[in-house]
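# Fold and geometry: a report
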Amino acid sequence: GIESDPDRLTAIETRLEKLSRVKRKYGPTLADARALLEKLRSERDELANVEDALDRRKRAEDAARVAYRNAAAALSQKREGAASRFSAAVQKALSGLALEKARFRVALSREEEDSPRRAGFERAVMMFQPNPGEPERPLDRIASGGELSRLQLAVQSVAASRGGRRRTLVFDEVDAGIGGRVAESVGKRLRALAERDQVLCVTHVPQIAALADRH
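Overview of the structure. A quick note: this is a predicted structure, and the numbers were derived from the prediction, not measured. (Residues numbered from 1 in each chain as written. Predicted model: local features only at pLDDT ≥ 70, side-chain atom pairs only at ≥ 80, totals over all residues. Heavy atoms only, no water.)

Counting its regular elements, the protein contains seven helices and five strands. Helices (α) and strands (β) of the protein occur, in sequence order from the N terminus, as α-α-α-β-β-β-α-α-β-α-β-α. Relative to a compact globule of 215 residues, whose C-alpha radius of gyration would be 17 Å, the protein shows 32 Å and is clearly more extended. In terms of overall dimensions, the protein has C-alpha extents of about 105 × 50 × 25 Å along its principal axes. Put simply, the protein has 215 residues, and 26% of those count as buried. Taking contacts inside the protein between residues at least 6 apart in sequence as the whole, the part at least 24 apart equals 54%. For the protein, the accessible area works out to roughly 15,100 Å², and carbon and sulfur atoms hold 51% of it. Computing the positive centroid from 41 side-chain charges and the negative centroid from 33, the protein places the two 5 Å apart. (Helix = DSSP H or I, 4+ residues; strand = E, 2+ residues; numbered from the N terminus. Rg over C-alpha atoms; globule rule 2.2 N^0.38 Å. Buried < 20%, exposed > 50% of the residue type's maximum accessible area, 1.4 Å probe, protein only. Contact = heavy atoms within 4.5 Å. Areas by Shrake-Rupley, 256 points an atom, 1.4 Å probe, with all protein chains shown as cover. Lys, Arg positive; Asp, Glu negative; His and termini not counted. Charge placed at Lys NZ, Arg CZ, Asp CG, Glu CD.)

Pasting the structure below:
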């Protein structure tokens, strides 16, 4: 009872071959090819009305710039207050680490406002002055190994008091140039930090080593 229709069969096979070529070129599936078709149609329609499209994009860009400036200005206010409080807290922590003559502060430098940045208007730099009369420079350009370890201890101690995720901290040369009560003070600071974070310390000073949980 089957009626043979060679023309219909040829039409179906031709159609399947075309769909196969479409999948190879725009696939791998027909769904992918259809999605691409819709995307290209949308782009064609937009290009056909390019002036309207450009106007919409310009309005969207202007709105985004206003939103960015408002958010960056709010961040600047918070950042200025936080930089001042953080600098004072670290400076206070340094006095117990044989760096009482050193000066530390977070400097905020204003970047070009017309170029939006993920970090906002400013760039924060940690500035350090080892001794009175010496020039103040960015921390990574001036501090010695021992100073850097103790500065890191002061910074991490202040940061730990404000919460955040737990970390593993490694200190080397934190005991450089110190001894006696100052070394004991450094050891106690490390032990306090270890109550929350994992602290690994390389030391030659018994006052510091004696406060460790494991050796």
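The topology assignment puts methionine 126 in strand E2 (residues 122–129). Contact partners of methionine 126, with chain neighbours within four places excluded, come to Phe86, Phe104, Arg105, Arg137, Pro138, Leu139 and Val155.

Moving on to unusual backbone geometry. In the segment running from glycine 27 into proline 28, the intervening peptide bond is cis, with an omega of 25 degrees. Note that proline 28 resides in the loop between helix H1 (6–26) and helix H2 (30–48).

Mapped onto the fold, serine 157 is located in helix H5 (residues 145–160). Judged by its relative accessible area of 18%, serine 157 is buried. Excluding its chain neighbours within four sequence positions, the residues that come into contact with serine 157 are Arg189 and Leu193.

Moving on, we come to a nonpolar patch on the surface. Judged by side-chain polarity, Leu47, Val50 and Leu54 come together as a nonpolar surface patch covering roughly 290 Å² of accessible area. Here leucine 54 shows up in helix H3 (residues 50–94). (Patch = residues over 30% accessible without salt bridge, like charges linked within 9 Å, V, L, I, M, F, W, Y side chains within 5 Å. Salt bridge = Lys/Arg side-chain N within 4 Å of Asp/Glu carboxyl O.)

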